[in-house]
Amino acid sequence: ERAEARCREAGMNGHVQKSSDSEILVTTIRSWLDSDPVTESGFDPDPPEPAVDQAFFDTFIDGFAAEVPATITALNEAVAAGQLDQLQQISHKLKGSADMIGSQKLSDRASAVEQAALTRDLGSACNTTKELVATLEDLAGALSETNVAT
């Protein structure tokens, strides 16, 4: 909600959060098309539903899962060294990846770490990083079990 408000304040007419849910993007675009007729410019006001590229999504998930151990190490090292700028960068990237795979809990945890790092609150950054790492480990385990099952 805060990101949407900031976008609107900056003059944008909306905001779509990074997500793997293409339906939200299509719905948002359709609402813009309905509010401002563009049929004369060649746009189809009722475009076909976008296809989900399952191979791309699977590759993204596999890459995400492969990076988990290095990400956990980097998070722990940044906290131990008090490198808040590094911690902010790692958690921001992780938040985007979490949004892409649809893990709201991981995204929320990464956002909390990012905010603690941005506000230069090392104590809070340490605590929220522990929660983030635990959530990341849980998710990695679930992804691993899913890969074995398929």
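Residues numbered from 1 in each chain as written. Predicted model: local features only at pLDDT ≥ 70, side-chain atom pairs only at ≥ 80, totals over all residues. Heavy atoms only, no water.

A. Spatial organisation of the overall build of the protein. Looking only at helices and strands, one finds 6 helices and 0 strands in the protein. Going from N to C terminus, the protein has its helices and strands arranged as α-α-α-α-α-α. Looking at the protein as a whole, 29% of its 150 residues are labelled buried. Long-range pairs, those at least 24 residues apart, make up 58% of the contacts in the protein with a sequence separation of at least 6. (Helix = DSSP H or I, 4+ residues; strand = E, 2+ residues; numbered from the N terminus. Buried < 20%, exposed > 50% of the residue type's maximum accessible area, 1.4 Å probe, protein only. Contact = heavy atoms within 4.5 Å.)

B. Quick look at unusual backbone geometry. The phi dihedral of R120 falls on the positive side, at around 65 degrees, and the residue is not glycine. Here R120 shows up in the loop between α5 (104–118) and α6 (122–149). Here R120 falls in the partly exposed class, since its relative accessible area comes to 48%.

C. Representation of the nonpolar core within the structure. In this structure, F64, L75, L87, L94, L106, L132 and L136 are the most contacted members of the largest nonpolar core, which totals 25 residues. For this core, the secondary-structure elements that each account for two or more residues are α3 (54–81), α4 (84–101), α5 and α6. The residues touching L106, leaving out its near neighbours within four places in the chain, are F64, L94, A98, L132, T135, L136 and L139. (Core = buried A, V, L, I, M, F, W, Y, C linked by side-chain atoms within 4.5 Å.)

D. Main features of the side chain of T129. Along the chain, T129 falls in helix α6. Not counting residues within four places of it along the chain, the set of residues in contact with T129 comprises L75, V79, L87 and V113.

E. Here's a closer look at the environment of L84. Relative to the elements of secondary structure, L84 occurs in helix α4. By relative accessible area, which is 8% here, L84 ends up buried. Sequence separation between L84 and C126 is 42 residues, and the spatial gap between their C-alpha atoms is 10.0 Å. Residues within four places of L84 in sequence aside, it is in contact with A117, R120, D121, L122 and A125.

F. Layout of the environment of H92. Looking at the secondary structure, you find H92 in helix α4. In sequence terms H92 and V113 are 21 residues apart; their C-alpha atoms lie 8.6 Å from each other. Engagement of the side chain of H92 in a polar contact is seen with the side chain of E114, the distance being 2.8 Å. (Polar contact = N/O pair within 3.5 Å; in protein donor to acceptor, adjacent residues only side chain to side chain.)

G. Quick look at the packing of α4 against α5. Running from N to C, α4 and α5 point in directions that differ by 160 degrees, and their axes come no closer than 8 Å. Accordingly, the angle class assigned to the pair α4 and α5 is roughly antiparallel. When you trace α4 past α5, the crossing you get is left-handed. On α5, the residues touching L84, L87, Q88, S91, H92, L94, K95, A98 and D99 of α4 are L106, S107, A110, S111, V113, E114, A117 and L118. Per-class residue counts for the contact of α4 with α5 are 9 nonpolar, 5 polar and 3 charged. (Axes fitted to C-alpha atoms, helices over the stretch in contact; angles between N-to-C directions. Parallel < 35°, antiparallel > 145°, perpendicular 65-115°, else oblique. Left-handed = near helix turned anticlockwise from the far one by under 90°. Nonpolar A, V, L, I, M, F, W, Y, C, P; charged D, E, K, R; others polar.)

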